[in-house]
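Per-entry structural report
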Amino acid sequence: MKIEVLGSGGAVTTPRPLCFCRVCRKARRLGVPHQRTGPSLFVHGPDLLVDTPEESAFQLARSGVQRVAAGIYSHWHPDHVMGLRVWEMSRDFRRWPREERPTPVYFPGGVRDDLVQRLAAGNHLEFLESQGLIRSIVVEEGTSVRIGDCTVRPFPLAEEYVYAFLLEEADGPRVLLAPDELVGWRPPDWLGPLDLAVLPMGVAEFDPFSGARRIPAEHPILAAEATFRETLEIVRKLGARRTVLTHIEEPDGLDHDDLLRLEARLETEGHPEIRFAHDTMMLTV
Ligand SMILES: [Zn+2]
Ligand SMILES: [Zn+2]
């Protein structure tokens, strides 16, 4: 199984529009791996697209992906869904009669309802469905989906509207993909041993090098999001053979070189398994 990081940014991508901080200037000058587009993953093998941020069509065009067999959404937040039109943009409209079948797109639990109610995306989804581009499939709680040789089990996190995915192949790797929102989450025992966990990095409440506070203690984001330190605790509990941290926010003020330095320091602190994601990163498991 290969997991491609199509986009390693968070809700705020890098460079951020209007920002000329050190991190954003470097990203404009050097591009990838400093530049980060919105959060999305592609699983080669089952050919599964996980989430579609605004840059989804750009990300797929930039990648070597030639086929998307299915899509799945983790939650309704705009940074994970606002590139819905990728399902339209990836088709060759000249072909007639249309031979392609609609792509199955999986919505665990209430995720499709959330898109309709929170983002008024119902008409957009119905348009994609009516054009034969996608087929929406709601995945009931506790149900797995079979995509190619891969079993995908969505399950809710502590924030119950947000889903993570356990991917398993017979005699193959066991992979956890958690695109966002680990706040308050305790890894359940049933998850079992993992070959790879892809997790959101969490908010850098403190500068990871100096320890200086970067976000005021009373800032509401600290109640809503897991911090980087809390994420490290989750990484430790999960005990995956490899962990890749993604959903890296521009406001955290860390560029790609800083994160390489942080990897080296985490290694000395007993975390040799942690890497930070960048756009186009390919993970083989
Ligand atoms: Zn997000
Ligand atoms: Zn900036």
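Residues numbered from 1 in each chain as written. Chains lettered and ligands numbered in written order. Predicted model: local features only at pLDDT ≥ 70, side-chain atom pairs only at ≥ 80, totals over all residues. Heavy atoms only, no water.

**A closer look at the pairing of strand S12 (residues 242-246)**
The condition that has to hold: Three exposure classes are used, based on accessible area relative to the maximum for each residue type with a 1.4 Å probe and protein chains only: buried under 20%, partly exposed in between, and exposed over 50%. Numbering of helices and strands starts at the N terminus; helices are DSSP runs of H or I of at least 4 residues and strands are runs of E of at least 2. Here the rule is simple: two strands pair whenever DSSP picks up at least two bridges between them.
Burial of S12 is extensive: four of the five residues sit out of reach of the surface. The sheet contact formed by strand S11 (residues 196-200) and S12 spans five bridges and is parallel. Considered in S12, the bridge of leucine 199 is made with leucine 245. As paired elements, S12 and strand S13 (residues 274-276) share three bridges and run parallel to each other. If you follow threonine 243 over to S13, its bridge partner there is isoleucine 274.

**Points about the nonpolar core**
The test is simple: For this analysis, a nonpolar core means a set of buried residues of the types Ala, Val, Leu, Ile, Met, Phe, Trp, Tyr and Cys, connected via side-chain atoms within 4.5 Å.
Membership of the largest hydrophobic core comes to 46 residues, with the highest contact counts inside it found for Ile3, Trp87, Leu115, Leu167 and Leu177. Listed in part, the 30 residues of the second largest apolar core include Val162, Ala240, Ile248 and Phe276.

**A short note on the coordination of the zinc ion (ligand 2)**
Let me state the cut-off plainly: Only nitrogen, oxygen and sulfur atoms qualify as donors, and only when within 2.8 Å of the metal (3.2 Å in the case of Na, K and Ca); with water excluded, sites may look incomplete. Every geometry call rests on angle ranges, with four donors termed tetrahedral when all angles are between 85 and 135 degrees, four termed square planar and six termed octahedral when opposite donors are over 155 degrees apart and all others are between 65 and 115, and everything else termed irregular.
Looking at the zinc ion (ligand 2), the protein donor atoms are Cys19 (SG), Cys21 (SG), Cys24 (SG) and Glu250 (OE), and they sit 2.0 to 2.3 Å from it. One way to put it: the four donor atoms around the zinc ion (ligand 2) meet at angles of 104 to 116°, and that makes the site tetrahedral. Each donor residue of the zinc ion (ligand 2) lies on one chain, and together they are spaced C-x1-C-x2-C-x225-E. Look at cysteine 19 and you get buried, because its relative accessible area is 9%. Exposure remark for cysteine 21: the relative accessible area of 26% places this residue in the partly exposed category.

**What about the coordination of the zinc ion (ligand 1)?**
At 2.0 to 2.2 Å from the zinc ion (ligand 1) lie its protein donor atoms, namely Asp79 (OD), His80 (NE2), Asp180 (OD) and His247 (NE2). Counting the intervening residues between successive donors of the zinc ion (ligand 1) yields the motif D-H-x99-D-x66-H. Here histidine 80 is found in helix H3 (residues 78-81), whereas its partner aspartate 180 is found in the loop between strand S10 (174-177) and S11, with 100 residues between them in sequence. Residue aspartate 180 is classed as buried on the basis of its relative accessible area of 3%.

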